[in-house]
Amino acid sequence: MSIDLAQFLPTFLEESYEGLEIMETGLLNLQSSEDDSIHSIFRAAHSIKGGAGTFGFNQVTEFTHLVETLLDEMRDGRREILKSDIEILLQSVDCIRLLIDADHNKIVCEDESISKVESLLNESLNSSSTDTQPQNENKSEKTQTATDAQSWLINFTPQPHLVQTGNDPLFLFNALADLADLEIVCNTSELPAFSDIEPKELYLSWQIKLTSSDATEDDIKEVFEWVEDECTLEITLLTNEAISDVQEDEAVNNDTQEQSIQVQSTQPESEQSSKQELAEPLSPTAITTDTNVLTTKPQSAIMGKDKAPAAKAKPDVGSIRVGVDKVDMLINLVGELVITQSMLSELGNDFDLSKVEKLTSGLDQLLQNTKELQESVMRIRMLPISFAFNRFPRLIHDLSIKTGKQIELVIKGEQTELDKTVMEQIGDPLVHLVRNAADHGIESTEVRLANGKSEKGTISLNAYHVGGSIVIEVNDDGGGINREAVLNKAIEKGIVEPNSSLTDAQVFDLLFEPGFSTASEVTDISGRGVGMDVVKKNIQSLGGRIQVESEPGKGSCFKVNLPLTLAILDGQLVRVGTEVYIIPLITIVESLQAKAELINRVSGNMVLYRLREDNVPVLPIYQLFNLEAQCTEIENALLVVVEFDGQKVGLMVDDLLAQQQVVIKSLQDNYQQVDGISGATILGDGSVAMILDIPGMITMALKQSKIAQKTAVNHNVEVV
Amino acid sequence: MPKFLIVDDSNSIRQMVSFTLKSAGYDVVEASDGLQGLQTAKGENFDLVISDVNMPNMNGIELCKELRKLPTFEFTPILMLTTESSGDMKVRGKEAGATGWLVKPFNPDKLLATIKRVVR
């Protein structure tokens, strides 16, 4: 029977990556062998090795075996836990991760770090005084293959307590019978008088004659593998002359004596044979698994050689772990929904006007149920931000070694929940911010001491909820951002005009300009000049924003503000003509009725509205989307002032409708990308409403105003 | 139909062992560590217990000792599922009352063949 284990591969991968994280966290916190975490680190390595063997991940099995051996010695207290070993183990974790990816893609991992760490591991293992001989994992191979039918004589005398270990001779004989034909004689001579019989003891012994053409001595011994210490077992190959003597009690005669084997004491496998076995532990089923993967992904196997087993080749595990409490909550809510539904359908059976009140209350209940259900379903996608944060202890550990700075990481609010999709995309930008903080923010130990600070720098990550969004802060207590340096650099790069007066916030914002880098020299940690602008772009694409605060000598704080989810949006419904549009509530600054005296027509058809000290371009939505609007005059029109990235625009609408949460449906998936529209949703009455893409519209408005200005200039020239 | 108890903290191994046994027609109950396994064992009878050694809360060796103390598990086969097939490990298992051991890497066909030594 062949059983396909491929379906368990995703579970194994998920579990292995989790195991690696456990190892990493554990290693970073590991102080001594008294520490409990050494056990969980060992268990994680052990599980990875076990699973890897099953799935034919040979590179992983081999490598992890070394790691496991080292950990085992630490666990048993046979080896002191040295800082250097922890360092090697941490690197091993990275290697295992690479190897899992490589084995998963069926390629040989050629990353040089593997052999380097491997030799470090071996060195460390050999340096210890303890016995580090490789364990003999497997039984010896079949050394004999018999062609002709052979007969074996087996004398099996179990110790009286055999059955108390759960073994039963009957099952052993059954297993033998699967191998070959048997003739069994039971010896009852040791059976005591009935009154003396101990019911839990075994008094019998057996003599078995086994005839088979292909069973080997090892096959037979294997059946008795588990009882070899609890019995006397003699296996004798019967020569032709001896066969006639079989039925006699003294079957073991001089001719066959040489070949009789005391199983109890023999360990016949040689180093070599066990090594061979280790070299190919691929089980037949594992091979079937391989071919399955190969047929579905032929490209990865063929092209794999060219591709570096990049860390990017992450397994696309589309699963999510949900706490039982959340599921229970859902089940409860669905239960209530069912009750409400049955109540309503009962009501509908013979409805008359006297029941209107009941109907209204039933509908209210339904509304309540739906709302709660929606919230609970959304909560399933929410994960604590610790998922994104837990890679940072290792990052800081590595960074402090690389930079030679002493850095402490403080994490706060790791239980703050965030949508899984947002979480996946915020990881890289955060890594960049933390690297920056370590590289540029924290000063070197000498500078810190000279400035009267503690020699240890602190980077703190903090997450908390504010309204419908989550704020993630990356703080450092370093030297702060040098305002002058930033400004000079920006002027040098032509990003700002010389002599322009900028506020601190505006200066710090320059850090996010493409091509901007303040590091006087480029290090391999950060500062390649690509980055901060990408960080900002990534955060904006998630509908978030980033702010910088900094105080010279005290440190800097990068504040990332993100929406909790990408699936639902708090929206303001507005009407233009007969169409309903949705403006994301988060972008709205205020809504007002335009006063004639504040309207300022610049040129062409560009209109600016004076909003306190700002001049806000007005964008009539009906013009943008070619609609018949009720209100085409700006005087007394309704303006919704929206803001993105510091730029304000007034959107002219006919009417403000309700505010409500809407579920975002992608236009790209269902239709195509449309300028000025970020998505669509379905309203309560079943109609489709478009969600306005505010950043896109602002860019459009700005472009228009430039064109307007240009045509105006041209026009003036013509007139002149 | 024989009923088995599978105790392993590794989700994937547990699922695979369980899947293999179920597809061979056996009944399987799973537990994710020794403590949970012991609780389960106190509630019902099994024809065979297969347990990992390295587990949190209660390891396989302890579980085996505890099970042997229960009258219903006095003669029940208990197999240790392990990569540590060194002699030391086997002796420890035997001392705790284990019937035998299964060596990882896990191979479904081998598993089904070997358990025939203790159940039918």
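Residues take numbers from 1 onward in each chain, read along the sequence in its written order. Key to labels: chains lettered from A, ligands numbered from 1, both in the order written. In keeping with the model being predicted, local features are shown solely for residues with a pLDDT of at least 70 and side-chain atom pairs are shown and tallied solely at 80 or more, while totals for entire chains, interfaces and linings include all residues. The basis for every side-chain value is the complete set of heavy atoms in the structure, and neither hydrogens nor water enter the calculation.

## Notes on the interface of chain B and chain A
Phase 1: Facing the 46 residues of chain B at the interface are 47 residues of chain A.
Phase 2: The rule for a salt bridge is simple: a side-chain nitrogen of Lys or Arg has to be within 4 Å of a carboxyl oxygen of Asp or Glu. Applying the counting rule to chain B against chain A returns 5 salt bridges.
Phase 3: When the shortest N-O distance is used, the salt bridge between Arg117 of chain B and Glu225 of chain A registers 3.3 Å.
Phase 4: Nitrogen and oxygen atoms within 3.5 Å of one another constitute a polar contact, given that in protein one can donate a hydrogen and the other can accept it, and given that sequence-neighbouring residues count only through two side-chain atoms. There are 16 residue pairs in polar contact (both at pLDDT 80 or more) connecting chain B and chain A.
Phase 5: Listed by contribution, the elements that provide at least two residues to the side of chain B that touches chain A are α1 (11-23), β5 (100-103) and α5 (108-115) of chain B.
Phase 6: Under the DSSP-based scheme used, a helix requires at least four consecutive residues in state H or I and a strand at least two consecutive residues in state E, with every element numbered from the N terminus. By residue number, the principal contributor to the side of chain B that touches chain A is α1 of chain B, which donates 8 residues. Contacts: residue pairs with any heavy atoms within 4.5 Å of one another.

## Digging into the packing of α1 of chain B against α5 of chain B
Residues and elements named next belong to chain B.
Phase 1: Convention adopted: a line fitted to C-alpha atoms gives each axis, helices being fitted over their contacting stretch, and angles between N-to-C directions are expressed from 0 to 180 degrees. Here α1 crosses α5 at 60 degrees, and the two axes come no closer than 10 Å. Compared by their axis directions, α1 and α5 come out oblique. The handedness of the crossing between α1 and α5 comes out as right-handed. Between α1 and α5, the residues in contact are Val17, Thr20 and Leu21 and Pro108, Leu111, Leu112 and Ile115, respectively.
Phase 2: Polar here means any residue other than Ala, Val, Leu, Ile, Met, Phe, Trp, Tyr, Cys and Pro, which are nonpolar, and Asp, Glu, Lys and Arg, which are charged; Gly is therefore polar. Grouping the constituent residues of the contact of α1 with α5 by class yields 6 nonpolar, 1 polar and no charged. Each angle is binned into one of four classes, with values under 35 degrees roughly parallel, values over 145 roughly antiparallel, values of 65 to 115 roughly perpendicular, and all other values oblique. Two helices cross in a left-handed way if the nearer one is turned anticlockwise from the farther one by less than a right angle. They cross in a right-handed way if the turn is clockwise.

## Quick notes on unusual backbone geometry
Phase 1: Notably, Arg612 of chain A is not glycine yet its phi reads approximately 50 degrees, a positive angle.
Phase 2: Its location among the elements puts Arg612 of chain A in the loop between β17 (607-611) and β18 (614-620).
Phase 3: If you check the backbone angles, Asn57 of chain B has positive phi at about 65 degrees while not being a glycine.
Phase 4: With respect to the helices, strands and loops of the structure, Asn57 of chain B is situated in the loop between β3 (48-52) and α3 (60-69).
Phase 5: Residue classification places Asn57 of chain B among the exposed positions, given a relative accessible area of 62%. Burial classification: accessible surface area is computed with a 1.4 Å probe over protein chains only, and a residue below 20% of its type maximum counts as buried, one above 50% as exposed, and the rest as partly exposed.

## With respect to the side chain of Thr114 of chain B
Phase 1: For Thr114 of chain B, the location among the structural elements is in helix α5.
Phase 2: You can call Thr114 of chain B buried: its relative accessible area is 8%.
Phase 3: A distance of 3.2 Å separates the side chain of Thr114 of chain B from the backbone oxygen of Leu111 of chain B, its partner in a polar contact.
Phase 4: Setting aside residues up to four positions removed in sequence, Thr114 of chain B forms contacts with Trp226 of chain A together with Leu102 of chain B.

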